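# Chain and residue survey
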Amino acid sequence: EAGVTQFPSHSVIEKGQTVTLRCDPISGHDNLYWYRRVMGKEIKFLLHFVKESKQDESGMPNNRFLAERTGGTYSTLKVQPAELEDSGVYFCASSPRPGGVNTGELFFGEGSRLTVL
Amino acid sequence: EDKVVQSPLSLVVHEGDTVTLNCSYEVTNFRSLLWYKQEKKAPTFLFMLTSSGIEKKSGRLSSILDKKELFSILNITATQTGDSAVYLCAVGRGSQGNLIFGKGTKLSVKP
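Please read all numbers here as calculations on a predicted model, not as lab measurements. (Residues numbered from 1 in each chain as written. Chains lettered and ligands numbered in written order. Predicted model: local features only at pLDDT ≥ 70, side-chain atom pairs only at ≥ 80, totals over all residues. Heavy atoms only, no water.)

What follows covers the overall build of chain A. Of regular secondary structure, chain A possesses one helix and eleven strands. When the helices and strands of chain A are listed from N to C terminus, the series reads β-β-β-β-β-β-β-β-β-α-β-β. Taking 13 Å as the expected radius of gyration for a compact globule of 117 residues, we find that chain A reaches 13 Å, a close match to that expectation. Across its three principal axes, chain A shows a C-alpha extent of roughly 35 × 25 × 25 Å. Across the 117 residues that make up chain A, the buried fraction comes to 46%. (Helix = DSSP H or I, 4+ residues; strand = E, 2+ residues; numbered from the N terminus. Rg over C-alpha atoms; globule rule 2.2 N^0.38 Å. Buried < 20%, exposed > 50% of the residue type's maximum accessible area, 1.4 Å probe, protein only.)

Spelled out as structure tokens, the structure:
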């Protein structure tokens, strides 16, 4: 069974440009999460989808970030326009059930590293 | 503000040594504490702890939670080079809330 896959693995862009990160969760997992790790900091929650609906987007830093999950399958996270402080590793994770985050049933992708110059 | 603090941030040991990694937390609506191992890129699940004083064990790894003092430890005995990784502690809140992570402990095991 394929795990959570993320694309690209690394993206280098200039300040002001746009980047779109993609996440394909494990098939059948309705719950999809985006997390981010900025250098030197802890991994922080961005948002949670249940199917195509945003369940919790309290961690989204500002309106330059737009996450979508049309059709409830893969998700995209767009940063527009990118700023220097957006650099970091963006992790996607999926779970078969909402409470899975609390029981270890949360499966992470390898992350997409974003470098903004 | 909810937070999870791990110590040490970095640790270098030799094969065969025993290590203890620490995780303390201040979190509202605590649900569970989880340990993850991040070797290359994707964190992988190790343990979930919800009750105080009950040790979870998997091979050379074990972990225990103290809900009164709000901390957990992860022990690794007879360390091997393959144990080298970043160990992440995270706390779950509520029924389907997100996880609060610590910064992680980077463990390096030298031959």
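After that view, the rundown keeps rolling.
Along its length, chain B carries zero helices and eleven strands. For chain B, the N- to C-terminal ordering of α and β elements is β-β-β-β-β-β-β-β-β-β-β. Radius of gyration (C-alpha) of chain B: 13 Å, near the 13 Å computed for a compact globule of 111 residues. Principal axes of the C-alpha set define a box for chain B whose edges measure 40 × 30 × 20 Å. A total of 111 residues make up chain B; the buried ones form 45% of that total. Here chain B has roughly 5,400 Å² of accessible surface; of this, 50% comes from carbon and sulfur atoms. Once the 14 positive and 10 negative side-chain charges of chain B are each reduced to a mean point, those two points are 5 Å apart. (Areas by Shrake-Rupley, 256 points an atom, 1.4 Å probe, with all protein chains shown as cover. Lys, Arg positive; Asp, Glu negative; His and termini not counted. Charge placed at Lys NZ, Arg CZ, Asp CG, Glu CD.)

Residue and element names in this part refer to chain A. Of note, S94 is situated in strand β9 (residues 88–95). Overall, S94 belongs to the buried group, its relative accessible area being 0%. Here I26 takes part through its backbone nitrogen, which lies 3.3 Å from a polar atom of the side chain of S94. Dropping the residues within four chain positions of it, S94 is found in contact with V4, P25, I26, H29, N31, L32, E105, L106 and F107. (Polar contact = N/O pair within 3.5 Å; in protein donor to acceptor, adjacent residues only side chain to side chain. Contact = heavy atoms within 4.5 Å.)

All names here are of chain B. The biggest cluster of nonpolar side chains holds 23 residues, and the ones touching the most others in it are V4, Y25, L33, W35, Y87, V91 and L107. Of all elements in the fold, only β3 (19–26), β4 (30–38), β5 (44–49), β7 (61–66), β8 (71–76), β9 (85–93) and β11 (105–110) reach the threshold of two or more residues within this core. In contact with Y87, other than residues within four places in its own chain, are Q6, L21, Y36, K37, L46, L74, I76, G104, T105 and L107. (Core = buried A, V, L, I, M, F, W, Y, C linked by side-chain atoms within 4.5 Å.)

Time to look at the sheet that holds strand β3 (residues 19–24) of chain A. Residues and elements named next belong to chain A. On the basis of which strands lie adjacent, the open sheet formed by four strands has the order β1-β3-β8-β7 and antiparallel pairing. Looking at the sheet topology across the chains shown, the edges are occupied by β1 (5–7) and β7 (65–68). This sheet shows a mean twist of 15 degrees between the axes of neighbouring strands, independent of strand direction. The pairing of β3 with strand β8 (residues 75–79) spans five bridges and is antiparallel. Residue pairing in the sheet places V19 in a bridge with V79 of β8. (Pairing = 2+ DSSP bridges. Axes fitted to C-alpha atoms, helices over the stretch in contact; angles between N-to-C directions.)

This part covers the packing of aromatic side chains. Residue and element names in this part refer to chain A. Tallying each qualifying case throughout the model produces eleven aromatic pairs over all chains. Ring centres 5.7 Å apart and planes at 70 degrees place the aromatic pair Y35 and F45 in the edge-to-face group. Separated by ten residues along the polypeptide, Y35 in strand β4 (residues 31–37) and F45 in strand β5 (residues 43–50) bring together distant segments of the chain. On the accessibility criterion, F45 (8% relative accessible area) is buried. (Phe/Tyr/Trp six-rings, centres within 6.5 Å; stacked < 30°, edge-to-face > 60°.)

The values reported here are purely geometric and, on their own, carry no functional implication.
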